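Examining the three-dimensional arrangement
What follows is the residue order along each chain.
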Amino acid sequence: MFSFSPTMERTNRSYWKTVLPLLFLSLFSTVGSSSLSHHHRGVSSTIRFRLGRDGGAERGVPMRAGAALKIAVFADLHFGEAESEGWGAVQDVNSVKVMNTVLDDETPDFVIYLGDVITANNIMVANASLYWDQAISPAQDRGIPWASVFGNHDDAAFEWPLEWFSAPGIPQVDCPPTGTSCSGEEGFSSSDDPQSPVAFLYFLDSGGGSYPEVISSSQAEWFQQKSKQINSDSRVAEIIFWHIPSTAYKTVAPEVGGIQKPCVGSLNKESVASQEAETGIMNLLVNRTSVKAIFVGHNHGLDWCCPYQKLWLCYARHTGYGGYGDWLRGARILEITEKPFSLKSWIRMEDGQMHSEVVLS
């Protein structure tokens, strides 16, 4: 599978912002289990991962036959907060417990880290990858593939390598040869047969930290070009993930304190803290019938989903014990079925309770 390498998250954000403004992940169904390796008999679909650049290599993760695809979304973990204080380490232990509980209760096929995985401004640079290792350990220990986006707290001052200013410039992103993976995970087989897409998942960097809190016009342009290239007739569903909510979230937000229909959720304790500006991405998304929902984090005291024109704007649920707020922790769960296509979601809490189920498509 492909994801941002945990050792690169803290130091190389500028690099990724330059060469990879948008990461996309594509999910495909397979023709049948006969094309998969023998130890995956009974598997009828495969998730395929590709970095969002032309010519990127692919990896596949076989799915259970006849089962829906389930995704767990962990938001705002804030590992490494107050690393010089004893209570900071306790928070991280509790965050791992939340993730372990959710993964055991839901047994998802895929995990998304929706930004603010670490609190970089509290962390010595040399320790950053150690906190990333802790954060992804619940998924990694279970062999669950994962992807991540940046949040405003994942960022830190970046030391540009001098060679990047020489004639060759910034190096290309090249993954290891077939048989290995960019994240260090192995053992996922895939089919070589032509596949029919089930859904496309797009991951965007919404800025923050040393960057403006905005999805840039160049990112919007990239999305427009890529979506036309791989989904020109908008036949395949598209699901979008970034960290900081767009200004559109303010237009649909319920009045603080309660949640009224058609919105669905249980936590509405603060106002939307949105991006600084809108530069075109929302206009593109609302005009694509294939876009079903956008998922964000950032606001720890919100977990609602609200309809916005023809799509849904959703928050995750504050997962980590780092960061502000003393509300119960949990995670947003997504469930995708293929025939017919549907997208459902709910919140799974750290105490095992489930609530706020909503059909998004």
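Just above, that's the structure.
Before going into details, it helps to say that this report is about the structure given with it. Counting of residues starts from 1 at the beginning of each chain's written sequence and follows it residue by residue. A pLDDT threshold of at least 70 governs which residues receive local features in this predicted model, and a stricter bar of 80 or more applies before side-chain atom pairs are shown or counted, although totals over entire chains, interfaces and linings include all residues. For the side-chain quantities, the full set of heavy atoms in the structure was used; hydrogens and water were omitted.

On to the pattern of salt bridges. The salt bridge definition used is simple: a Lys or Arg side-chain nitrogen within 4 Å of an Asp or Glu carboxyl oxygen. The full count for this structure, using the stated rule, is seven salt bridges. Close ionic contact of Glu238 with Arg288 constitutes a salt bridge, the shortest N to O distance being 2.9 Å. Of this pair, Glu238 sits in strand S8 (residues 237-241) while Arg288 sits in the loop between helix H6 (281-286) and strand S9 (291-296), and the two are 50 residues apart along the sequence. For the pair shown, Glu238 and Arg288 are each scored as buried. A salt bridge links Asp303 to Arg317, with the nearest nitrogen and oxygen atoms 2.7 Å apart. Here Arg317 lies in the loop between strand S11 (311-315) and strand S12 (330-337) and Asp303 lies in the loop between S9 and strand S10 (305-308), a separation of 14 residues in the sequence. Judged on exposure class, the residue Asp303 and its partner Arg317 are both buried. Through salt bridges with shared partners, one network takes in Lys70, Glu106 and Arg348. Secondary structure elements are taken from DSSP: a helix is a run of H or I of four residues or more, a strand is a run of E of two residues or more, and numbering for both begins at the N terminus. Three exposure classes are used, based on accessible area relative to the maximum for each residue type with a 1.4 Å probe and protein chains only: buried under 20%, partly exposed in between, and exposed over 50%.

Cysteine sulfur atoms that pair up within 2.5 Å are treated as a disulfide. Within the structure shown, the criterion is met by two disulfides. A disulfide bridge connects Cys263 with Cys306, and the sulfur atoms are separated by 2.0 Å. Between Cys263 and Cys306, the S-S torsion sits near 120°, and that sign places the bridge as right-handed. In this pair, Cys263 is assigned in the loop between helix H5 (248-252) and H6 and Cys306 in strand S10, connecting sequence segments 43 residues apart. By relative accessible area, which is 10% here, Cys263 ends up buried. Here Cys306 falls in the buried class, since its relative accessible area comes to 0%. With its sulfur 2.1 Å from that of its partner, Cys305 forms a disulfide with Cys314. The sign of the 120° torsion about the S-S bond sets the Cys305-Cys314 disulfide as right-handed. Judged by relative accessible area, Cys314 falls into the buried class, the value being 0%.

Purely spatial values, then, with no claim about function.
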